[in-house]
Each structure stands twice: as structure tokens, then as C-alpha cells.
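Residues per chain, in single letters:
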Amino acid sequence: MNLFALSGLLTGITSSVLALVVYAKAPERRPNRLWALFALAVAVWGFGAYRIASTLDPTIALTWWKISHVGVIFIPVLFLHFIFVFLNIRRTRLILLTYACGLGFLLANLFTDWFIKDLRFVFDSFYYDSPPSILYPYFVLFFFSVILYGHYEMYGAYRHATGLKKDQLKYFFLATALGFSGGGTAFLPVFGVDLYPLLNFTVPLYPIIMSYAIIRYRLMDISVMLNKSLAYVIVVGAITVTAAFGTLLSTRATVATAPPLIAGVLVAVCSVLVITSNPRSATNRTFSLYCAAVCLWLIGAFMIYSAPTAQEALFWCKAVYAGIVFIPAAFFHFAMRLVGHPDSTRHVRIPYLVSIAFLLILPTPLLITGPYHFAWGYYGKAGLLHPLFLVYFFTTTSIGLAHLFKAYRINRQYGTNETPRLKYSFWTFCVGLSASVDFLQSYGYEFYPTGTLIAGLWLTLVAYAIIRHQLVEVTVPGWSSHRMLYTQMFSMLVAYTAIVVTIRVFTLSWHFVLAGILLGIFIAFSGSLANLPQTIEHLVGQRLLRDRYDAYDTIVQFSKSLVAILDLHSLTKEIVHTLTTTMNITTASLYVLDGEKHEFALAAAQREPDLPALPPTIKLQDPLSATLNHFRTPLIREELEDKAAAHFPGVVEAMKPLDVDVCIPLINKERLVGFFNLGPRHDQAIFSIDDLSLLTTLGQHAAIALDNALLYEDLKRSQALMRRTDRLRSLETIAGGFAHEVRNPLTSIKTFVQLVPDRRDDREFVEQFSQVVAEDVNRIERLVQEILDYARYMEPQLTEQDLNEVVNSCLYFIEIKATSKGVRLTRELASGLPYVTLDRQQIKQVLLNLFINALDAMTERGGHLTVKTHLLTKSTGSQWVQIEVSDTGDGIAPQNLEHIFDPFYTTKHDSIEREGTGLGLTIVHQIVREHRGYIEVTSTIDSGTTFYVNLPVTQDDALRDPDDASLKQAAS
């Protein structure tokens, strides 16, 4: 496999995986569908390139060139379409025009010779679609025009974006720009520029960057962490790289050419380890850059030595110098960082600029003119400016070494801790830079380039300096914390080697890629294979022991669902019913702990009507319950009867009235919360060890469920008490309002009573005053009924109510208190509100609590209480009403705001008027949630607080917009 084929295979695999993951996570979203199609178009190109580079038949190559261009043609079209959708740009005509152009090029590609016609053999490896046919230059122009325009739109959107969208666009731009920049070089050989399409390896980088963006910034709105998918990509990538490395070793490696490849791989590992250990460290970054340059030199040297032709060797000679020219600049930069030079930023610019200048002349013969051919392989021949480069190389590296040596002498003089690190750094890089002896071969000196061997020695010294003297900040993962990872990596390497050797034994040839594919398939299906024995066991149990299997399966599934049942009566009844049905038991009973009475009460039972009644309670000191609490294991009556009575006094006698064969304790948190008693089976079968084990497991789950149900019962009782207490607490304010409202009617009644004896003959007076008195009496009756309804707890009674009228009735009650505190009331009630389905008394409790809290929040200096109502229409079309209660009080501190709805959380402990219990807002929140609404609050210190109570007009409105209400409830 050549490098062009390898780059195509990597592109096809990574793009396919990304397409499937993006589409599978949100197939209903248009951006995800478009991106999946775009990634598949790239994958078609990748797999096509792999097949092109793997055949020497020109007819087959031509077919695959046409197939691969099906993907290439639609890459720019789908890319631009996705950009417009992602950025919400509406340019339908332009999109239709690009699709029309793509369709035209596709038809020309498939059915004519105007697109691809001729092929030529390039790089002594494979056939390329060259020279171009009549339409191909226009397609290339179309390709790059659309791509550049898409990136232009992306850049414009990035400049104006903020927050998450800006980060998404940044990584999207980076991924696609990198992929298109490298992949675009594949067009050069078509037009006779025989530059090996090595930059195709940048194309597989775009799925990696996109995967990172998807996980980190929710690109494509995939909110889940794609750990499993990314793990498979990493494993496949590791296998592919290993296969590629094996292919290179098998096809090009010899005793003479292998050393630089091995050294280059180890240097690459060192570079990655250093940069990933602490990417924020400037020293780590510069050292990693230096290692990258050295790695490019070493791997490039391997490719030069093993090149089959002079043309390929020349290409690799120039590629190697793309790393060599940066070695002096990177080393100088690292040395300046290491010694902590204050002006390092200004000084390092010059070497980098010089390195860039030499990089720019690489395409010319001024630096490298051609290759020498020696016994071990090819080598680059020095050009006209090569001596000048050597002057720059040795001058720059010498200055860097001089800085290291000077810093070492100064630190040794003062005896600092940096002395050993600087000393080892100086000598390590002296050894490493001595590898420059390999420049002699560029001037025709024929001896094996020992510089690659020296690089291996340098890497060994670097590893020692890192571990012993902290040359850079590196944390090597320990064996104890990463034992499983190291073991699995080693196992995967052993498995790959075993597959390669097995194929070699049976085929007498090396197939490294095939071995990698087989290993990848095995890993992909290993999860399913690991569960194969359990699956077979499951099928055997279903077919051969169906009745028993069904009973066991029912109990196991039931035990898992127990914790979801919170009603104590339903839970106990369901436990007994399930046991008697599935285990074929004649009688069963369940006793549950009553903590207040210190006894176990009969909670549920199933038995024949003619059998004696079971005892309703069993004391804690009873022999049966005491034995269960002490031993905490199932008690089997048959076994107890065979044992000495002295060990279990009174237990057998206690079990007989209960008609018990087996008694299972229910233990939770080291406490016996109950036990269930099982009678004989209908078929008189005994309870096996498996049965008892299953029942014990069920008992553990049932104990947790019973404990939860008991706590839930206590919670319901506490909530009822809290609501009643809150109502009674509010009666203080209601009484003040009631007295104010009753005073005027009583005055009219009193006046009538006083005047009627003297004016009983005045018929007109009696009739008029009688009407007034009757209205006042009705008014007092209504007020009394309001108070009685408020004070008496009732189940929610949902009826259609006029919300404004409910708000007004609550405001009447607090007017007296508001006036006494100098608080001004303002009503802004929206007209035309629809009737709302609610419980009038519960909503009055909510409003009175909020009004009273608002008055308490405003001190003696007075304030302003504003109550508003609004009609809201959600995006789904549902209608909601909103009650806004604002005060100008002291406000709520931000650290307290998120706790105000917590039970028993209060800030009124120092209140002069009354001490707060911390239950009022909890009840308010609960009532609003029971109405399927939500409550929000905003507050500013010294400015006031505003509560927003949002209620659906009908329950159907709440169902149409459930997400909004649930999210708001969670937030509040």
C-alpha cells in the first residue's frame, strides 16, 4: 500500500464514521442530514482514491476515477448548502444554481469523455487522471470558487457571532479549511505538477477536529457525549496507523533504512507526550515543536533511503528539509525559554524568519538540486545556497548552546536547583546536534548517515533528563492508575501480531492491512461476543425450563421496578400478589414496621377465606421478629424443626399460626423494616437454594422500596400539615382584612337596629334600610365563607375562574396591612383575560403568601407593591396567564435566591413581627407545579423583588407545552 492509498483509506473510514454518527444522533435535523451527505461525499472520494492507488490496470483505474469524482463533484455543492442552512442564509437561487452545475458535471463525468478521458502513470505507483479534459478546468474553478465563498460566509458570521456559536464556527472553519487546503493539492498532478499528494493526510484531520467540536461545543446540536463513537474512531485509527507502519516495514524497511523510521516514531511519541502533558507551558510547546522538526527529518530520511526512484527521492529530500530548516530556530527558541531569557520573544523572531525564507526556496534547486545514489539508498545533493544554510544552522544552534552553558555556569556559581537540569540539557543537545554530521553526504561523502543513530541516543538522554531532572513538565501515566489501559493496548498489539503471523503461515505473504481490518472487526463485535454465553443461557432457560424461567424473570423485573412504587398500600399488595402468582404459593403475608408503635403491622396478605385470620400486629420482641433481626437470613420452618429448639426458642411456634414455610427478612440500612411470610406451594415443591437466593434479592429491593414508601407517607402527611399551618398563619392577615370589610356592614346594621323602634311606621325608611341591611348581611356571609374555605384543607377542585377577580379578592384582605405600613398598592390587571382552570382557594393561598412576603420585605419607610396580570401565547400556540408581583423592598441576595423554594429555608428569623418558618414559598412552589405551571423570580439588592406566577389557561395548554413548564420549574 502506497501513501496515496493509505490517505484515501483513512479519509474514507473517518468521514464515514462521522457521517453515520452525526446522522444517527439527530436524523430529523436538516443541518445533520446535509453534513452527513457532505461527509459521505468525502468518503466516496477517499475510498475511490484507495482503489485507484491499489491497481495497476488503467481500465480499472479510469473507472474508479469516475466513481471517486461522483463524491468530488458534490463536495462543494453540499458544503455550501450546509453553510447556508447552518448560518440561516436564504439564497435559494444560488443553491439551485450550484446543484444544477453539480448535476451537469456529474452527467459529463458518467456519460462523456469531456470530464475525465486520459490517464498517465505517475510517481512510479499508480495512474492519475491527467491531462485534463475540456470541462475539467472549469470544474476545478467551480470547486475552489464555491469552497472559498463558503469560507468567506463563515468568516463573516464568525466575526459577528458570540458565545457558543463563535466557538462552533471557529472549529468548523479550522477543520474544513485544513481539509480543503491539503486535499486541494490532489488537483496538481492533473495539470502536470507532479507533487505527490501527501497533503491528503490533512483530510482525515477534519473529522477529528469536528468530533472534538461536536463533543465540546455541541456542533450539530448533538448534546450527548460521543465517547463510545470517538473510542471506536481512536481504536480504528490506532489499528490503521499500526497497519501502515507494518506495511512500510514490510515493503521498504531494511537493516539500512529502518533506524531513522524507528527513531522518528519514538520522537513523535515524545513530542505528543510532552505537548499533551502541559499544553499551556511555553517550554513544552517549543520543545514539542523542535521534536516535530526532528521527526519530519527522521521519517523523511527513511523515505529517501528506501525510495525506489530518483524522482520520489528528490520529492522526499525537499520534504525532509521542510523540517530541517526549522531545527535551528526551534532549538534556539527552546534554549531561550529554558534559561528564562527576558527578551526571548524578540530574539527568536529572526531565526524563524530566516527558516521561513529557506522554506520558500525549497521548490527551487538552490537548496537541494537532486539526489545522490549511494549503497544504502538515495541522499539529497547540496545546492548553491546550501553552504549559506549550514552557516545559519551552526551559528543559531551554537548561540543556543552558548546560552545554555552560560546559564549553567551562573547557576552552578550560586548553587541553585536549576544547575543539574541545565547541565544535562547542554550535554544532551550537544549530542543531538552532533547528528549534523549527516550534512557531509550532501556533498558527496559516501558513508552511512550515522546522524539517525545519534538521534536515537539523543532521545534516550532526553528521556532521562525529563524523568530525572524535569527538562520539561511531563507527567507519565502511572502503571497502577492506567494498568487496564496499558494491558489492553499490549493485548491489542499481541493480537495484531498473532493475526499477521497466522496469515503469513497460511498464505506465505505479509498482509498487514488485512490483519488490521480483521482486528478492527473483532473489536467492533467484541461486546456482542462477550455476551454470547449469557445470551445462549437465556435462550436455554426460555426453551427448556420455560415455566421456571418465566417466574424468575418476572420476579427479577418486578424487583427492579419496586422502587418506582411510592404508595405503601399498592406496593405491599403488589409484592404479595406477585410472589403468590409467580412462585405458585398458597398463602403469603407481609408485615411492615410501625416505628411509632414499635411493632410490625400486617400490610397485605393473600390466603383462602376459610383459614384463620392472621394476627394484625407482631411485637418487636416476638421470637420470630427478634430472630429475623438478629440473624437477618431467611428462616425455613422445616430446617428449624430439625434443629434443637434451644437454638431458636419459640420461633417454630410463632410461625405455625402464620402458616409459614419460609420467612424472608427485609433489611435496609441495618434495620429490619419488615418481612414476608410464604406458605407451602400448590405442587408441594420445596424451596431450592436458587429460590431462596432469588427471594433474598427480592427482599433487598423490597426493603428499599418499603423504606421509600414509608418516607413518602410521612412526606404526604407533613405536606398536608404544612399547608394547613400556612393557611392558619395567613389568617392573621385575613382577620385584619375581614375586620375592615365587616366594620361598614355592621355599622349600617347597628344603625338600622337603633333607628327601627322609632321609625318602624316609616315604611319607606324600613324598606330602603332593609335592602341595605340584607346586602350587608350577604356580604358578611360571603366573607365568612371565604375564610372557612381558606382555612379548611380540601383536595384541589379545578374550575374555570376569573383570574382578575381572584387577584382582587386577595388584595382586599391586605389593604389594611399595606396602609398601616405606608405601602402603596397598584393594580394593572389585563382586560379580556380568558377564564383559567384552577383551584380558587389554592391560588388565593399562593397570592396571599406572595403579597404578605412583599409587605414584610418593605420596612417602615413604606414602599410600592405592584400586581399585574398578562396573557402569554407560547410558540406552540398554547395560552398562559402570568401574575406579576413586584415590591420595592430590600431584595434577595444572589446566594439566597436559588434556595428560597427549599423547605424550611427562611431569612425572617430576626423579624420583629413574626418568625418565618421557611414553608410558605415551598407550598407556593408546590401548588403552582400541581397546576402544571411554573414560578420565576428576579431580585436586586436594595431595589426589590419580582415573582412571576405562570399558569396554563387549560390543562391542554400545559400538555402542548410541557418542556417549557418543566424546564422553568427546574430552574426555579
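Residues numbered from 1 in each chain as written. Predicted model: local features only at pLDDT ≥ 70, side-chain atom pairs only at ≥ 80, totals over all residues. Heavy atoms only, no water.

Here we come to the overall build of the chain. Within the chain one finds 32 helices and 17 strands. For the chain, the residues scored as buried account for 46% of the 972 residues in total. Long-range contacts, defined here as pairs at least 24 residues apart, represent 69% of the contacts in the chain between residues at least 6 apart. Accessible surface computed for the chain: about 49100 Å², of which carbon and sulfur atoms make up 62%. (Helix = DSSP H or I, 4+ residues; strand = E, 2+ residues; numbered from the N terminus. Buried < 20%, exposed > 50% of the residue type's maximum accessible area, 1.4 Å probe, protein only. Contact = heavy atoms within 4.5 Å. Areas by Shrake-Rupley, 256 points an atom, 1.4 Å probe, with all protein chains shown as cover.)

Okay, helix α1 (residues 3-25) next. Look at α1: 33 Å from first C-alpha to last across 23 residues, which is about the 33 Å you get at 1.5 Å a residue. With respect to burial, α1 is a largely interior element, 17 of its 23 residues being buried. (Expected span 1.5 Å × (residues − 1).)

Attention now goes to the packing of helix α9 (residues 258-277) against helix α16 (residues 451-469). Between two packed helices, the angle of one axis relative to the other and the distance separating the axes together describe the packing. The N-to-C vectors of α9 and α16 enclose an angle of 25°; their axes lie 9 Å apart at closest approach. Here α16 runs roughly parallel to α9, going by the angle between their axes. As α9 packs across α16, the resulting crossing turns out to be left-handed. Seen from α9, the contacting residues are P259, P260, A263, L266, V267, C270 and V274; seen from α16, they are T452, L453, W458, L459, V462 and I466. Each residue belonging to the contact of α9 with α16 can be placed in one class, and the counts come to twelve nonpolar, one polar and no charged. (Axes fitted to C-alpha atoms, helices over the stretch in contact; angles between N-to-C directions. Parallel < 35°, antiparallel > 145°, perpendicular 65-115°, else oblique. Left-handed = near helix turned anticlockwise from the far one by under 90°. Nonpolar A, V, L, I, M, F, W, Y, C, P; charged D, E, K, R; others polar.)

Structurally, N804 is set in helix α27 (residues 803-820). At 3.1 Å, the side chain of N804 and the side chain of T869 are in polar contact. Not counting residues up to four positions away in its chain, the partners in contact with N804 are L829, A830, L833 and T869. (Polar contact = N/O pair within 3.5 Å; in protein donor to acceptor, adjacent residues only side chain to side chain.)

Within the largest apolar cluster, 128 residues are counted, with the highest numbers of intra-cluster contacts made by F139, F287, Y290, Y321, F389 and W458. Element by element, the count of residues in this core is highest for helix α3 (residues 58-86), at 14 residues. Excluding anything up to four places from it in sequence, Y290 contacts I327, A330, F331, F429, L433 and W458. By size, the runner-up hydrophobic cluster in this structure holds 40 residues, among which are C810, F813, L850 and F947. (Core = buried A, V, L, I, M, F, W, Y, C linked by side-chain atoms within 4.5 Å.)

All right, on to the sheet that holds strand β12 (residues 823-829) then. Strands sit in the order β12-β14-β15-β17-β16 across an open sheet of five strands; the sheet is mixed. A single partner strand is all that each edge strand has here, and the edge strands are β12 and β16 (934-940). Direction aside, neighbouring strands of the sheet carry axes that sit 15° apart on average. Where β16 and strand β17 (residues 944-952) come together, seven bridges link them in antiparallel fashion. Bridge pairing links E936 to Y948 in β17. Each of β12, β14 (863-873) and β15 (879-886) is contacted by α27, which is oriented at about 170° to β12, the strand it contacts most. In the packing of helix α28 (residues 840-857) onto the sheet, the strands contacted are β12, β14, β15 and β17, and the crossing angle to β17 comes to about 170°. (Pairing = 2+ DSSP bridges.)

Ordered in space as β7-β6-β5-β10-β9-β8, the six strands form an open sheet in which the pairing is antiparallel. The strands lining the two open edges of the sheet, one partner per strand, are β7 (617-619) and β8 (635-636). Pairing analysis gives five bridges linking strand β5 (residues 588-594) to strand β10 (residues 671-678), with the strands arranged antiparallel. Residue pairing in the sheet places S589 in a bridge with N677 of β10. Packing against the sheet, helix α21 (residues 568-582) makes contact with β5, β6 (599-606) and β10, and its axis sits at approximately 50° to β6. On the sheet, helix α22 (residues 623-631) packs against β6, β7, β8, β9 (662-668) and β10 and is oriented at approximately 120° with respect to β10.

Take the environment of K423 next. When you line up the elements, K423 lands in helix α15 (residues 419-433). Assessed through its relative accessible area of 32%, K423 is described here as partly exposed.

This model, assessed by the stated rule, comprises zero disulfides. Counting only cysteine sulfurs, C291 is the nearest neighbor of C270, a cysteine outside any disulfide, at a range of 4.4 Å. Under the relative-accessibility criterion, C270 is labelled buried at 13%. (Disulfide = S-S within 2.5 Å.)

On the surface, a cluster of nonpolar side chains totalling about 600 Å² of accessible area is made up of V44, I67, V70, L103, L107, L110 and F111. Counting only elements with at least two residues in the nonpolar patch, the list comes to α3 and α4 (92-111). In terms of residue count, the dominant contributor to the nonpolar patch is α4 (four residues). Relative to the assigned elements, L107 resides in helix α4. (Patch = residues over 30% accessible without salt bridge, like charges linked within 9 Å, V, L, I, M, F, W, Y side chains within 5 Å. Salt bridge = Lys/Arg side-chain N within 4 Å of Asp/Glu carboxyl O.)

Summed over the entire model, instances satisfying the criterion amount to seven salt bridges. Linking R840 and E805 is a salt bridge whose minimum nitrogen-to-oxygen distance equals 2.7 Å. In this pair, R840 sits in helix α28 while E805 sits in helix α27, placing the two residues 35 residues apart along the sequence.

Remark: α27 packs on α28, axes separated minimally by 9 Å, with the N-to-C direction vectors making an angle of 35°. The element α27 and its partner α28 pack so that their crossing is right-handed. Every residue of α28 that contacts α27 at E805, V806, V807, S809, C810, L811, F813, I814, K817 and A818 is listed here: R840, I843, K844, L847, L848, F851, I852, L855 and D856. Residue composition of the contact of α27 with α28, by class: 13 nonpolar, one polar and five charged.

Turning next to unusual backbone geometry. Following S130, the chain continues into P131 via a peptide bond in cis, with omega recorded as 0°. With respect to the helices and strands, P131 occurs in the loop between β2 (126-128) and α5 (136-160). In this model, N88 sits at a positive phi of 60°, which is unusual for a non-glycine residue. Assignment of secondary structure puts N88 in the loop between α3 and α4. A residue is classified by how much of its surface remains accessible, and N88, at 67% relative accessible area, is exposed.

Moving on, we come to the confidence of the model for the chain. Averaged over the chain, the pLDDT score is 78; the fraction of residues at 70 or greater is 78%. Across residues 540-546, where pLDDT falls below 50, the model places four contacts with residues more than four positions away in sequence or in other chains. (pLDDT = per-residue confidence, 0-100.)

Mapped onto the elements, T580 comes out in helix α21. A polar atom in the side chain of T580 sits 3.0 Å from the backbone oxygen of V576. For T580, the side chain forms a polar contact with the side chain of Q606, separated by 3.4 Å. Residues within four places of T580 in sequence aside, it is in contact with I585, T587, A588 and Q606.

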